[in-house]
Every structure is written in C-alpha cells, then in structure tokens.
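Reading the structure
What follows is each chain in one-letter form.
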Amino acid sequence: MQFGSDLPLWTAWLYYEEGLKQDEIAARLGISRASVFNLLQKARDEGVVTITIDPTRLERADLSIELCEKAGLKECFVLPSSGTDSPLYERIGRLGARILEQRIMDDDVIGVAWGRTVLALSKALSPANLPGVTVAQVTGSSIATYDFSPELCTSNIATRLNARCVNLHAPGVVSNPEMKTLLMQEPIVAQHFGLLRHCTKTLFGVTALSGPTLLEDSGVMTDELLEQYRAKGAVGFASGYFFDAGGHVIRTGFDDRHLVMPLEDFMTVEDRICIGGGPEKTNAIVGMLSAKIATILITDQDTARNVCNALS
C-alpha cells in the first residue's frame, strides 16, 4: 500500500495536516468512511494525534474573574456546565490536567494529596519527559485498599510526567500522639517532610462533610471521629485539614495522630491548586476559600455560581 501499514498515522496525516475530508480519505485509502472515523479515534487514543485546548480562555470567564475577586484567588478556572456524560469529577480532572501541564516547570516539587478527582487528573495527564520534577506525597498511607490512595495518585502523576516519585513510607494515621512524634523523628520520614518544605506546587481535592465521605470509605476515619469535627462546625476537608464555613481550621485529637504536611509549611507554597466541584461541595469550597487554603481553584460552572452567591 502506498501509504504504508500504519493506517491510524496516515489517516490522521491526511485529515489534520492535508485537510482532506473523511470521505476523501476513504476514497484515497480504499476504505469506508466509518473506518476513517474509527482510525481517527484510534490515532487520538494511541497518542498519534494530541488535541489541546487553551484553558486560559476559561480563566477569562465572568465567573472566574468574580471568584478571584471575592475569594482572593490567584487564578480560577471554571468548567462549562454542558459537556459529556462523564462523571463531573472526571471532567474536572481532565481540565485540571490540561492546566497543570501548562504550569509545570522543569524543577518543580509538587506535593500531591489523594482523592477521586486528583486520581482522574493523574489519568488524564499527557505523557511528558520531566525528570527534573519531583512528585511527593503530602500525607501518609492508609491500610485500606482503594483506587484513589495517596500512593497511587502520586505515582500516577510521576509516571505520566516521567518525573521522580517520592512516596511517604509511613501510615497516615497512627494509634497515639507519642507514636506520631517518634515516627516524625525517623530519618526517612523527617527527610520526606523536609522535602515537602521545598514544594513549589500542591495539588488536592476538597471533601464535603454534609453526607457520606471518602474519608470513611477509604478507612482513614470513622464516623465517630468525623462527628467530632462536625460538632465543632467543620464543613469540609482539604489536603489533610478540616475547616468551618468561616475559614477557621478545626482541630481535634485526631490531628495529633495524623501524618500530613504541616499547615504552616503548606500555606507557604505559592501555587496551592484545588480541583473539585459539585453542588454538594459548595459549603466546603466556601470554607476552604475563606481559610485561604487554595490559591488556584478548578471547578465547574454551577458550583462556581453557588460559591459566588455564598461569598456575596
């Protein structure tokens, strides 16, 4: 065959580079128009073709500007409400991936928390070659098995970027404060938290406490522990910390047993990127923004509108 054996490649070349229509490509290659459509899809799936959309246009949307002004955000990106039938967390994760790709520097140290939307972002990242980038876990591991663990989110992002992956080899929650103190003194753990002090970016989701949460599903916390935070007015959880609607960080005895990047270190990171949305997270996002936990927010249109109204 004059075009060689790589049909997805040549189909994509004729369509994107030479500007031929699908029926013209079908005639040229001697195949059906349906086959051309399938080959173009295969070319995208295999990475022969990479389609990029400039996400900075979304930043200029009215809601983004309004949220930045009301919450003191550095940047805000709002996903249009209309889209595919994919779950919202997957759509937000894809947008987050495109935005993160444009912001990664060759020597970044990226602290990564866990969650469903963070994992979706990790799967949506385009392959890159950034061996100078370090991707590090900001919280310890869980004994529970679940598909959005801290280790998996961190390693997925590092693998997609061909970056250095640094997992925290310690449990996320220990039995008593004394054990946490001892673990924090272990050289390998102390070295890890020393690395986190050099983070240039952090990436995390946000959890609402108004109903069942991933904190319980993942085995990180019991409902009894969560009720202690709710009783103190906590409405949300992000990157290891609970907060109320007014932006005050809420603490209980659990924090003395939780291995996570210290809040004072976390708050010094310039780019603190929160990805998450959905109407049920409105109050949690309001509280998180009031606490200044995020400097960059990636969310959806309906949630952004709710948050703007709540901050008025």
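Residue positions are counted from 1 within each chain, in the order its sequence is given. The model is predicted, so local features are restricted to residues of pLDDT at least 70 and side-chain atom pairs to those at 80 or more, both for listing and for counting; the totals for chains, interfaces and linings are taken over all residues. Hydrogens are left out, water is left out, and the side-chain values use all remaining heavy atoms of the structure.

The following threshold applies: UniProt positions are given in the numbering used here, feature names are shortened, and annotations may be inferred rather than shown by experiment.
As named in an unreviewed UniProt entry, the protein is Sugar-binding transcriptional regulator, taken from Rhizobium alvei. The record in UniProt for the protein states the following under Sequence similarities (unreviewed entry): "Belongs to the SorC transcriptional regulatory family."

Quick look at the side chain of Thr134
As a reminder, the rule being used: A run of H or I in DSSP becomes a helix once it reaches four residues, and a run of E becomes a strand once it reaches two; helices and strands are each numbered from the N terminus. Working definition: with a 1.4 Å probe on protein chains only, accessible area under 20% of the residue-type maximum means buried, over 50% means exposed, and in between means partly exposed. Throughout, a residue-residue contact means that at least one pair of heavy atoms, one from each residue, lies within 4.5 Å.
Structurally, Thr134 can be placed in strand S3 (residues 134–137). Take Thr134: its relative accessible area is 7%, and that puts it in the buried class. Contact partners of Thr134, with chain neighbours within four places excluded, come to Asp108, Val109, Ile110, Arg164, Val166 and Leu195.

Concerning the nonpolar core
Counted only if it meets this: We call a set of buried residues a nonpolar core when its members are Ala, Val, Leu, Ile, Met, Phe, Trp, Tyr or Cys and they connect through side-chain atoms within 4.5 Å of each other.
The biggest cluster of nonpolar side chains holds 46 residues, and the ones touching the most others in it are Leu67, Phe204, Met288, Leu289, Ile293 and Leu297. Broken down by secondary-structure element, the contributors of at least two residues to this core are helix H5 (62–71), strand S1 (75–79), helix H10 (187–196), strand S8 (241–244), helix H13 (263–266), helix H14 (282–290) and helix H15 (301–311). Considering each element in turn, this core owes the most residues, five residues, to H14. With near-sequence residues (within four places) excluded, Leu297 lies in contact with Leu67, Leu73, Glu75, Cys76, Phe77, Cys274, Ile285, Met288 and Leu289. Counting residues in hydrophobic clusters, the runner-up holds 40 residues, among them Phe77, Leu100, Ala234 and Ile275.

So, the packing of H14 against H15
How we decide: Here the axes come from fitting lines to C-alpha atoms, over the contacting stretch only for helices, and the angles between their N-to-C directions go from 0 to 180 degrees. The labels follow the angle: roughly parallel below 35 degrees, roughly antiparallel above 145, roughly perpendicular from 65 to 115, and oblique for the rest. Note on convention: near helix rotated counterclockwise from far helix by under a right angle means a left-handed crossing. Clockwise means right-handed. Amino acid classes used here: Ala, Val, Leu, Ile, Met, Phe, Trp, Tyr, Cys and Pro are nonpolar; Asp, Glu, Lys and Arg are charged; the rest, including Gly, are polar.
Axis separation between H14 and H15 bottoms out at 9 Å; the angle between their running directions is 60 degrees. Classed by the angle they form, the pair H14 and H15 counts as oblique. Crossing of H14 against H15: the hand is right-handed. Contacts from Thr282, Ile285, Val286, Leu289 and Ser290 of H14 reach H15 at Thr303, Asn306, Val307, Ala310 and Leu311. Across the contact of H14 with H15, the residue classes tally to six nonpolar, four polar and no charged.

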